[in-house]
Amino acid sequence: GEDVEQSLFLSVREGDSSVINCTYTDSSSTYLYWYKQEPGAGLQLLTYIFSNMDMKQDQRLTVLLNKKDKHLSLRIADTQTGDSAIYFCAESFGSSASKIIFGSGTRLSIRP
Amino acid sequence: DGGITQSPKYLFRKEGQNVTLSCEQNLNHDAMYWYRQDPGQGLRLIYYSQIVNDFQKGDIAEGYSVSREKKESFPLTVTSAQKNPTAFYLCASSNPGQGANTEAFFGQGTRLTVV
C-alpha cells in the first residue's frame, strides 16, 4: 500500500537552509506536494512537482525528487522565524490524481 | 471568495453520541476528502469522494460515514462505533485531472472532543 514517511522534528538556525526529507513506498504517484500547516489551521500548499520531474525551484523553495530512491526533499533557503510550522509531504495517485496520501509531518523550529 | 468551509471550529460530544461535521466548498471541485490529524501521526485519510454520489474508504474509515449528495458538500458523521474520536478533522477538495493544479485545498479544521 501507499506509505509516506518523514522525520518528526527539525531545528535550524535563523538564516540557514532547512532541508526536510520524505520517503515514500508507492512509485505510481502522479504528483508530489509540500504543504505547510501553522498552529490550529488547515494546510496550505507550498509547492508541488510532477512525478517525471527531478527538481523544481520557486523563490526560496527547492524541491528535489529522486524516483529511484523514492525520496523527496524540500529545501528552504534563508530560513526565517515565519517558516516555523509543520511541513507535510503528500502524494497523489491514479490517472486523475484523486487520492492524496500525507506523511506524518515535520515540525520545523527556528532558533536565533 | 472561493474556498472550503468547515463548521463548527470546535465540537464537543458525549460518549455514545453520533455527530456530523460539515464541509462545504464553492471551488467547483469534483473531489473531496476527510482526514484525521492526531499529534505525531500526520494526516490519515478517512474517506474521499471523486464525484457526486460516490465515495471510497480511506485508511481509517471504521466508525465514520459520509455522503456526497451535492458536489459542494461532503459531511462526515462520527459514529459511536469510533473508539477514539477526539482529534482534529480536516476536510479538503481538489480538481483531479491530467494537468497541474490538482492540489488539495483545505478547510480550517474542526476540533472534536469527546467528553
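Just above sits the structure.
A word on the state of the cysteines. Counted according to the given criterion, the structure contains two disulfides over all chains. Between the sulfur of Cys22(A) and that of Cys89(A) lies a disulfide, 1.8 Å long from S to S. In this structure, the disulfide formed by Cys22(A) and Cys89(A) twists by about 40° around the S-S bond and is classed as right-handed. Taken as a pair, Cys22(A) in strand E3 (residues 18–24) and Cys89(A) in strand E9 (residues 85–93) lie far apart in primary sequence, 67 residues in all. Cys22(A) sits in the buried class, given a relative accessible area of 1%. Paired through a disulfide, Cys23(B) and Cys91(B) show a sulfur-sulfur distance of 1.9 Å. Between Cys23(B) and Cys91(B) the sulfur-sulfur dihedral comes to about -75°; the bridge is accordingly left-handed.

Further remarks concern the sheet that holds strand E6 (residues 55–58) of chain A. All names here are of chain A. Strand order in this open sheet of five strands is E1-E3-E8-E7-E6, and the pairing throughout is antiparallel. In this open sheet, the two strands that pair with only one neighbour each are strand E1 (4–6) and E6. Taken over all neighbouring pairs, the strand axes of this sheet differ in orientation by 15° on average, direction set aside. The pairing of E1 with E3 spans three bridges and is antiparallel. Note on E3: the bridge partner recorded for Gln6 is Cys22.

With that settled, the discussion passes to the sheet that holds strand E8 (residues 76–78) of chain B. Adjacent strands of a sheet pair through backbone hydrogen bonds, lying either parallel or antiparallel. Residue and element names in this part refer to chain B. Pairing within the open sheet is antiparallel, and its four strands lie in the order E1-E3-E8-E7. The sheet terminates laterally at strand E1 (4–7) and strand E7 (64–66), the two strands that pair on one side only. Looking at each pair of strands side by side, their axes are set apart by 20° on average, direction ignored. Bridge count for E1 against strand E3 (residues 19–25) is four bridges, and the pairing is antiparallel. Each bridged residue has a counterpart across the sheet, and for Ile4 the counterpart in E3 is Gln25.

Another aspect to go through is the environment of Asp3(A). All names here are of chain A. Tracing the backbone through its elements, the reader meets Asp3 in the segment before E1. Its relative accessible area of 34% is what places Asp3 among the partly exposed residues. Excluding residues within four positions of it along the chain, Asp3 makes contact with Thr23, Tyr24, Thr25 and Glu91.

Rules behind the numbers
Residues numbered from 1 in each chain as written. Chains lettered and ligands numbered in written order. Predicted model: local features only at pLDDT ≥ 70, side-chain atom pairs only at ≥ 80, totals over all residues. Heavy atoms only, no water. Disulfide = S-S within 2.5 Å. Helix = DSSP H or I, 4+ residues; strand = E, 2+ residues; numbered from the N terminus. Buried < 20%, exposed > 50% of the residue type's maximum accessible area, 1.4 Å probe, protein only. Pairing = 2+ DSSP bridges. Axes fitted to C-alpha atoms, helices over the stretch in contact; angles between N-to-C directions. Contact = heavy atoms within 4.5 Å.

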